[in-house]
Structures are given as structure tokens and as C-alpha cells.
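# Architecture and fold: a report
The residues making up each chain are set out below.
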Amino acid sequence: MATPSAPPASAEGGSTGFVQGLGLTSATTLVMGSMIGSGIFIVSADISRTVDSPALLLGAWLVTAFMTIVGALSYGELAAMMPHAGGQYVYLREGLGPLWGFLYGWTLFLVIQTGTIAAVAVAFGKFLGVFYPAISAKNWIWHVAHVPPFHLGPMVLGNMDVGLSTQSLVAVLIVITLSVINIFGVRTGALIQNIFTIAKISALAGLVTLGVFLGRNATALATNFNGHFWRNAGLSAQHPVQVGATDTVVFVGTLTILAVSQVGSLFSADAWNNVTFTAGEVRNPSRNLPLSLALGTGVVLLLYVLCNVIYLSVLPLDGSAAGATILDRGIKYASEDRVATAVMEQMFGAAGGYLMAFAIMISSFGCNNGLILSGARVYYAMAKDGLFFRKVGELHPKYRTPVVSLMVQMVWTCILCVSGSYGQLLDYIVFAVLVFYILTIVALFVLRYTRPNAERPYRAIGYPVLPAIYIVMALFIDVVLLRYKPQFTWPGLIIVLLGLPVYFVWSRQRQHSTA
């Protein structure tokens, strides 16, 4: 196990380190703002097609809510115990050893954080195209090539366009703008985060409120609730699942289909841990980090569940891809899976679609600000440990922000935006993200054993039962995904394992530099 290590003298605190510019409000909005992107507005269509049950649609989100809140409460103890820049990277390094911390940081940089930033930025461009049709993925400024699809076992790789479209240009400009803004002090980034998070929380709350008072539809209520809510939801029910990218279809039980459906809902609720990356800039972190994790995840997940109740109250679950109206298409076949947009259009006509597109743009912009701000702190911590480019471990002399880390993250994200690969990469990392969550909560148990006398201002609620339940549930989901969704799992595992030789190269260089 790794020996206890304090943060570098220049990393946190003091006149030469980070500025502690994040209070409880900013830390909480960072949690909420990083979680809410475009997923909640879209993924319920795919979940509905997978589970084919109103009860299981809500069940999928309730499973996600339970796991995320338990994860956040567990991370709270680690955050209060080790309030250092890098967050989850530090917990893995201290609990399980530097290799595990590096593999997490490697995957975060290569895919998890940068791929998410790219996808959210492209989503912003996509919905800006609702107002300006010239902004489109098909409107090419410079089309390099189309990579044809090729099959590798149960996976399909490739099938993407490389180049700069008007949509990806908007994405690149968003990434550059927010990266540069975040150079000018954490308080500047926090101010943007606060404004846009409040706006998108208000948008979600508005969707729920309007749905309750104006949106309830007799057809939807009859088909989703009146005697039909529990259909296909019994423990003995059998559900079809397509195995990977093959033509093989197998039938699985209800618990298994709920695990399969977590690909969408867990990803939509992800990034709640990003506030731990900025721990070196949080005031009174021993109090504010656990509290912001609990408050932020609790509010967002309550809104997520309520949004899905509204979806079921406004649109029938079932529908047809060839349906002529919004009601005919239902939740399952909402146009381009944009369920929230369909709900607003059903209530207010075309004006509702424009309102929702604007709300998603606000959500995407605020989400990306949080992801950009927090992700750079992990690569900074890795560089301070000698496991990333040395320059990345330097702070701006005036603004005390990891300027080189922000720029390196920006460049790689922009490459992903124009490569067309970010969508596939995000599919690949759902499994890996869950693996690192499991390992981090295992680190909680390890640290309780190896450092029983360490100062713990906050102790995980429900320990050891709730963290243990989380590990069991997450392991079950990962095993199910390995079996039935190999196109989402094996590539992610390969990306993680590719970090092994890189780690040993960096470690050897670090040893030589300190010899």
C-alpha cells in the first residue's frame, strides 16, 4: 500500500498555491452543474426501448439515484480526510497505490473527462443548430475522410467522419472559450458555474412544474399508469437483449435488464465526483466537500426522477418510429431521442421545442465549464507526482490556476471534437468509470484498516453496509455489461490497460530525475 503523503508545498495553501475561492454554494453548483448535461433530456428513450415498462423506466433512474447518492456519501469521507487537488486520483493513490491512481488519471485524460467535454460541446452546437440551421454536422468546412465501419468480434469500430463541420467548429470554440476563461482564477470559473447551474436547475424545475400543471395527457396517463404501470416489471418477466453488435438476441430477467439500462442513466448522472478534483480550492473542505456532494447529488437526482415521471405523464411509453405525431411516436421513438423536447412540443407546440433547445444549450455550457475547471486539477496532481508532463504541474503566477493543464486538456478535447470519435469513446468508458468507482470505495475500506487513527472530520453514512451494497451492485452491473454489452466494455478495459506501460515509463523517468 502507498505510504501517507502530504500534498506538495506548492500545490495547496499558502501564497504560492491554489486560491481557496470555492465556498459551499460554488462547490454545490459544481456538483450539480457537472452532472446535468444533455443526458437527462435524451437517454430515457433508449432506456424505455430496453426495459419496455413504465415501472422499470423509473426503476432504472431510482437505481442510479441510490447508487450515486451512496457513492457521494462514501466519497465525502475521503474528501474530508484528504482535501487535496486531484480528488479521486489522490484517494486511489493513497488507498490502493500510485498505479491505480495513474490508471484513473490516464483514462480520465484520454477519454472520460475530455470525451465528455467534447460530447457536451457538440451537443451545444447541435441545439444551436435549431436556431441557426447552417450549424450542422453535415455542413462541412473541411471534410477529411469517412472512416468505414469494421467488425471486431461483437464490436463495431470506426463508422465516423473526421473533419471540421460548422457544428464541431462551435464545439471547438466553446471548449477554447471556457478553457481560457478558467485561466483567470477559480472565482471567475465559479461565477460562471453558479449562474449557469442556477439557470439549468430552474429549467429542470420548470419542466417538472409545467408538466404537473399543464402537461398531463389523458392518453399517456391511461397507457402508462391505469393498470399498465407494472407491465413487464415482475421478477419473473423475460426481456430481450441484443448481445453486442451481433444479431444474437437472448432473454434475461428483470434485474439483469435494469443493469443493462444503467448505461444511459448512470452516465447521465456521472461527474458528481468532479468537485473532489478541486478540493485544494474549496474553503473549509472538511465540511463543504461532503456537504456539497450530498446536497448536489440529492437535488439533481430528485429532479431526474421527477422529470421521468413528467415524461410518463405527457407521452405514452410505447410508440412507433413511423408515427405521424409526437403522441404516436411516444417516449421510445421521440424524434432523435429528444424526449424532453417532445414533451415541451406536446405542451406548447413549436415554441416549446425552441424553449427546450435553449434550456439544453444553457445546460451544456454550464456543464462544460464545470468539467473543464475540475478535470485540469487531476492532471496537475499527476504532474506533481511525476506521472505527467512536468509543466502541467505549474500554476499561473498571477491567477494561481493550472494554466498548462487547462491548455493540454483543451488541445486534446478539440482533437476529439474534430475526430468524430468522442461518441464511441464515451460508449466505451461507462464500464471503466464504474470500475474506478468500485476501486475508490474499496480504498475507503482499505484506509479504514490501514489508517484507523487518521483524522476523519466526516465519516461515511451507513458504513460499512451502504458502501458494501454499492460495490455489490456496481460489480453486478459491470459483469452484466461484460456479458451482454461487450461493445461498451472490452474497449474501455483496453484503454485502461494501455496505461500500464505508460505508467512504468513515467515511473522510471521520475526515479531518474530524483536519483
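Up top is the structure these notes are about.
For the structure given in this document, a descriptive report is provided here. (Residues numbered from 1 in each chain as written. Predicted model: local features only at pLDDT ≥ 70, side-chain atom pairs only at ≥ 80, totals over all residues. Heavy atoms only, no water.)

## Concerning the overall build of the chain
Within the chain, the regular secondary structure consists of 19 helices and six strands. For 515 residues, the compact-globule estimate of 2.2 N^0.38 gives 24 Å, and the chain sits close to it at 22 Å. By the burial criterion, 59% of the 515 residues in the chain qualify as buried. Counting contacts in the chain only where the partners sit at least 6 residues apart, residues at least 24 apart contribute 79% of the total. Of the roughly 19800 Å² of accessible surface on the chain, 68% is carried by carbon and sulfur atoms. The distance from the centre of the 27 positive side-chain charges to the centre of the 19 negative ones in the chain is 8 Å. (Helix = DSSP H or I, 4+ residues; strand = E, 2+ residues; numbered from the N terminus. Rg over C-alpha atoms; globule rule 2.2 N^0.38 Å. Buried < 20%, exposed > 50% of the residue type's maximum accessible area, 1.4 Å probe, protein only. Contact = heavy atoms within 4.5 Å. Areas by Shrake-Rupley, 256 points an atom, 1.4 Å probe, with all protein chains shown as cover. Lys, Arg positive; Asp, Glu negative; His and termini not counted. Charge placed at Lys NZ, Arg CZ, Asp CG, Glu CD.)

## Notes on the pattern of salt bridges
Tallied over the full model, the rule gives 16 salt bridges. In this structure, Lys-332 and Asp-318 form a salt bridge, with 2.7 Å as the shortest nitrogen-oxygen distance. Here the residue Lys-332 occupies a position in the loop between α12 (326–329) and α13 (339–348), and Asp-318 occupies one in the loop between α11 (285–314) and α12, the gap between them amounting to 14 residues. Assessed through its relative accessible area of 10%, Lys-332 is described here as buried. By relative accessible area, Asp-318 is classed as partly exposed at 35%. (Salt bridge = Lys/Arg side-chain N within 4 Å of Asp/Glu carboxyl O.)

## Describing the packing of aromatic side chains
Counted under the stated rule, the structure contains 25 aromatic pairs. The interplanar angle of 70 degrees and the centroid separation of 4.8 Å between the aromatic rings of Tyr-75 and Trp-272 together place this pair among those described as edge-to-face. Highlighted residues: Tyr-75 in helix α3 (residues 54–81) and Trp-272 in the loop between α9 (254–268) and α10 (274–277), separated in sequence by 197 residues. Ring centres of Phe-389 and Trp-506 lie 5.2 Å apart, and the angle between their planes is 85 degrees; this geometry places the pair in the edge-to-face category. One end of the pair, Phe-389, is in the loop between α14 (350–384) and α15 (403–419); the other, Trp-506, is in helix α19 (residues 499–514), with 117 residues separating them in the sequence. Residue Phe-389 is classed as partly exposed on the basis of its relative accessible area of 49%. Counting every residue linked through ring pairs, the aromatic cluster contains Phe-109, Tyr-379, Phe-388, Phe-389, Trp-412 and Trp-506. Lying across the ring of Tyr-463, Arg-448 places its NZ or CZ 3.9 Å from the centre. (Phe/Tyr/Trp six-rings, centres within 6.5 Å; stacked < 30°, edge-to-face > 60°. Lys NZ or Arg CZ within 6 Å of the ring centre and 35° of its normal.)

## Brief notes about empty space enclosed by the protein
A complete count under the given rule lists two cavities of 30 Å³ or more for this structure. Met-67, Thr-68, Leu-266, Phe-267, Ala-269, Asp-270, Trp-272, Val-430, Val-433, Leu-434, Tyr-437 and Tyr-470 are the residues that line the largest cavity. Looking at the lining of the largest cavity, the elements that each hand over two or more residues are α3, α9 and α16 (422–450). Considering each element in turn, the lining of the largest cavity owes the most residues, four residues, to α16. The space that makes up the second largest cavity amounts to roughly 40 Å³. Taken together, Leu-22, Ser-26, Thr-29, Leu-30, Gly-189, Ala-190, Gln-193, Asn-194 and Leu-373 form the lining of the second largest cavity. Those elements that provide at least two residues to the lining of the second largest cavity are α1 (24–35) and α7 (186–215). The greatest single-element share of the lining of the second largest cavity, amounting to four residues, is contributed by α7. Its residues placed into classes, the lining of the second largest cavity shows four nonpolar, five polar and no charged. (1 Å grid on protein atoms, 1.4 Å probe; cavity = no way out; pocket = protein on both sides within 12 Å on 5 of 7 lines; lining within 4 Å. Points joined across faces, edges and corners; volume = space filled by probe spheres on them. Nonpolar A, V, L, I, M, F, W, Y, C, P; charged D, E, K, R; others polar.)

## Points about a nonpolar patch on the surface
Where nonpolar side chains cluster on the molecular surface, the patch consists of Ile-141, Trp-142, Val-144, Leu-169 and Leu-173 and spans about 490 Å² of accessible area. Position of Ile-141 among the secondary structure elements: in strand β1 (residues 140–147). According to the relative accessible area criterion, Ile-141 is partly exposed, its value standing at 48%. (Patch = residues over 30% accessible without salt bridge, like charges linked within 9 Å, V, L, I, M, F, W, Y side chains within 5 Å.)

## Section: the nonpolar core
By size, the foremost hydrophobic cluster in this structure holds 158 residues, and its most contacted members are Leu-207, Tyr-304, Tyr-311 and Val-343. Apart from residues lying up to four places away in sequence, Val-343 is in contact with Leu-207, Ile-310, Tyr-311, Val-314 and Leu-315. (Core = buried A, V, L, I, M, F, W, Y, C linked by side-chain atoms within 4.5 Å.)

## What to know about the environment of Ala-271
Within the secondary structure, Ala-271 is located in the loop between α9 and α10. With 48 residues separating them in the primary sequence, Ala-271 and Thr-223 have C-alpha atoms 35 Å apart. Those residues in contact with Ala-271, other than ones at most four positions away along the chain, are Ser-34, Met-35, Leu-371 and Tyr-437.

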